[in-house]
Amino acid sequence: MNAECGLNSEIRNPKSAFGEKMFGQLIVSGLAVGACYALIAISMVIIYKTSEVLNFAQGEMAMISTFVAFTLLETHQVSFPYTLAFTFLFAILLAIFFEIAFLRQAKDPTVLGLIIITLGFQMVLMGFVGWKWGPDQRALPFPVSNIEAYNFYGLIISKINFWTLIVSLVLMLILFLFFRYTKLGIAMRATQQNQLAARVMGIRTKWIFSFTWAISSMVGAVAGMLIAAMGVLDPPMMMDPLLKGFASGVLGGMTSLPGAALGGALLGVIENLFGGYISLSFKSVVAFAIIVLMLCIKPSGLLAKHYVKKV
Amino acid sequence: MDIKRNYYEDIELFKSNTILVWSILFLVFLAILPWLVMKYHLLGLSVYTVNLITVHAIVAIGLNILVGFTGQISMGHAGFFAIGAFTTVIFILKIGLPFYLALPLGGFISSIFGFLLGLPALRLKGPYLAIATLGFGMAVTTTIKHLEFFGGRMGLQAPKLYLFGTPMKDIHFYYMIMIIAVIMVIGAVKLIKTRVGRAFIAIRDSDIAAEAMGVNLTYYKTLAFAVSAFYTGVAGGLYAFILGFINPESFHLIMSITFLAMVVVGGLGSVMGSICGAALMTYLDIKLQAIQDISLIGPALVTFSQKYMSVAGISNIAVIVYGLILILIVLFEPLGIFGFWIRCKRYWKTWPF
């Protein structure tokens, strides 16, 4: 991934004077990257829990939102808070459009059919971004620098990593409170548990589906901006994080929000430790190994309850 | 009459004389196709394009055995494709095997990986399987990219092939690939009609019911993965020689999705559909990549791009069209070209009712 932030490259050699701090350093930067994975995983899990759709377009939806933010900041010189608000609005509208225009039209679709629809949407978005903004790599003008760093008692953490951690923790807390205490959040959880019963209770489940897509797209947009701020902004930037998001989801359980958060953090740390101590070039294979191991040992994930299909 | 009176009639390759005649006509058409293409520029094709279509058709059939007949989703077939391509070239370059041995060996190695991927796939359903195979495809390309043995990031140059002492050209490749493809198509049709194929279909419809009927799930699911990977691996080996050069970057996720698109557009659970899907999608891809050269639409799009979009990314229209086709097929014609064909046939059979 692009988001190695220049820190790893300095401390790759464990025998250097820096070496003893390396473990903590790797964990901290792993947590920051893992926070991004966690956000993507959460945005997938929100959708998967409600509608059993595995959204392969998640990465590209986040990517196009990030490009919109980039255009506002760079070309139109909009201030950052307004950009954020407008990007969120765009992300919400995009997700609701996709849900209503394509997913809802499919008549009793199969799992494969749903996957194909999201894949098709992913390709449309990717093609559109490639057409509109071209294949160049760009830097997102983010208010937090990705070169400067904080120094906590000898632990060096770059500003962007620090703020990524803070932002994602706050976002997770907001989501937790939202699903726990607001009426809409409770309605969403009810729909997730039993769609028919929820409808009988007077919940407009169709609206709930649109809402879940909107929320998920917003979380994805935050993840996209953070990832772009850590590395570079270009059309294929979300390819790798998408797989990592899936891996985190599988690790923590595809039907559990805290599980996805935990899975993301764990994956980020494991991957960084693997990259630091064993082999940097095979870092991206770790995600696949984790997926396979996890699916073999405990397919439902770390935190999700086991679910058996009845015939 | 469609009534089958015994088992051997059911597994027959040609159901009726009509099909036999049409098949022979189609083979004759394939035999003179390069001549048509070179002399009359049929549909603006080139022999290279036809070769590519044929290779993609082999992949699509392999993937259809897995997705359409056995009902297991795979999003990592670019991985098998890469394994086939690289092992075939490596066998020739490093060990010095002749091509006719290296190609099946490449397919065989690929099918071993298919078997290995099939093992975790035994416990996985739908979305989880998609994730696992997606990870597999990405892991294969990453591994190949970082191993010097496979040429690393630079990739490998496919060695020149000789036919009776003269270097082979596109046209010679055409006949070689076409013979292999015809053999593999017949193999797939036969496979589907026999015991193995029926087991696959039973697993697709309900694996629990199939197991209750005595279908060995472990055996047949891994077999489906292995057969599918074999087809893809052989196609990968051929692909390496069509291109003359392979590098790991080209076997990315989009390639896996393209293969899946061919199967879905052609029709799940239909060998002929896969061939049509592969032909249509490959042709569209090649034509749309150079969309600015198409008369009338091309210049208009270029001016439009200059005004609102970027000209550098104009070939991305191909990706957009691809995505739209995928979505529309699932929404309106879930069985793809094959479903459309069935509908037309039924309409004419019952006409004027």
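Look up: the structure comes first, before these words.
The model shown is predicted, which means the values in this text are computed figures rather than measured ones. (Residues numbered from 1 in each chain as written. Chains lettered and ligands numbered in written order. Predicted model: local features only at pLDDT ≥ 70, side-chain atom pairs only at ≥ 80, totals over all residues.)

### Quick word on the overall build of chain B
For chain B, the helix and strand inventory stands at 15 helices and four strands. Taken over C-alpha atoms, the radius of gyration comes to 21 Å for chain B, in line with the 20 Å a tight globule of 353 residues would show. Scored against the burial criterion, the 353 residues of chain B give a buried share of 45%. Within chain B, contacts between residues separated by at least 24 positions form 76% of all contacts whose residues are at least 6 apart in sequence. (Helix = DSSP H or I, 4+ residues; strand = E, 2+ residues; numbered from the N terminus. Rg over C-alpha atoms; globule rule 2.2 N^0.38 Å. Buried ≥ 20, exposed ≤ 12 C-beta atoms within 10 Å, placed from the backbone. Contact = placed C-beta atoms within 7 Å.)

### Considerations on the nonpolar core
Counting residues in each nonpolar core, the largest one holds 205 residues, and the members touching the most others are I42 and I291 of chain A together with I58, A132 and L326 of chain B. For this core, the element with the highest residue contribution is helix α2 (residues 22–51) of chain A, accounting for 17 residues. Those residues in contact with I42 of chain A, other than ones at most four positions away along the chain, are L175, V219, L257, A260 and A261 of chain A. (Core = buried A, V, L, I, M, F, W, Y, C linked by C-beta atoms within 7 Å.)

### Some words on the environment of R153 of chain B
All names here are of chain B. Inspection of the secondary structure puts R153 in the loop between α6 (126–146) and β1 (156–157). Assessed through the 12 C-beta atoms surrounding it within 10 Å, R153 is described here as exposed. Through-space distance from the C-alpha of R153 to that of T142 is 9.6 Å; in sequence the pair is 11 residues apart.

### A closer look at the environment of S305 of chain B
Residues and elements named next belong to chain B. With respect to the secondary-structure elements, S305 resides in helix α13 (residues 297–308). In sequence terms S305 and S228 are 77 residues apart; their C-alpha atoms lie 41 Å from each other. Other than its neighbours up to four places away in sequence, S305 contacts S310, V311 and I314.

### Some remarks on the interface of chain A and chain B
Between chain A and chain B, the contact holds 43 residues from the first and 40 residues from the second. Elements with a minimum of two residues in the side of chain A that touches chain B: α5 (111–133), α10 (239–252) and α12 (283–297) of chain A. For the side of chain A that touches chain B, the leading source of residues is α5 of chain A, giving 19 residues. For the side of chain A that touches chain B, the class distribution of residues is 33 nonpolar, nine polar and one charged. (Nonpolar A, V, L, I, M, F, W, Y, C, P; charged D, E, K, R; others polar.)

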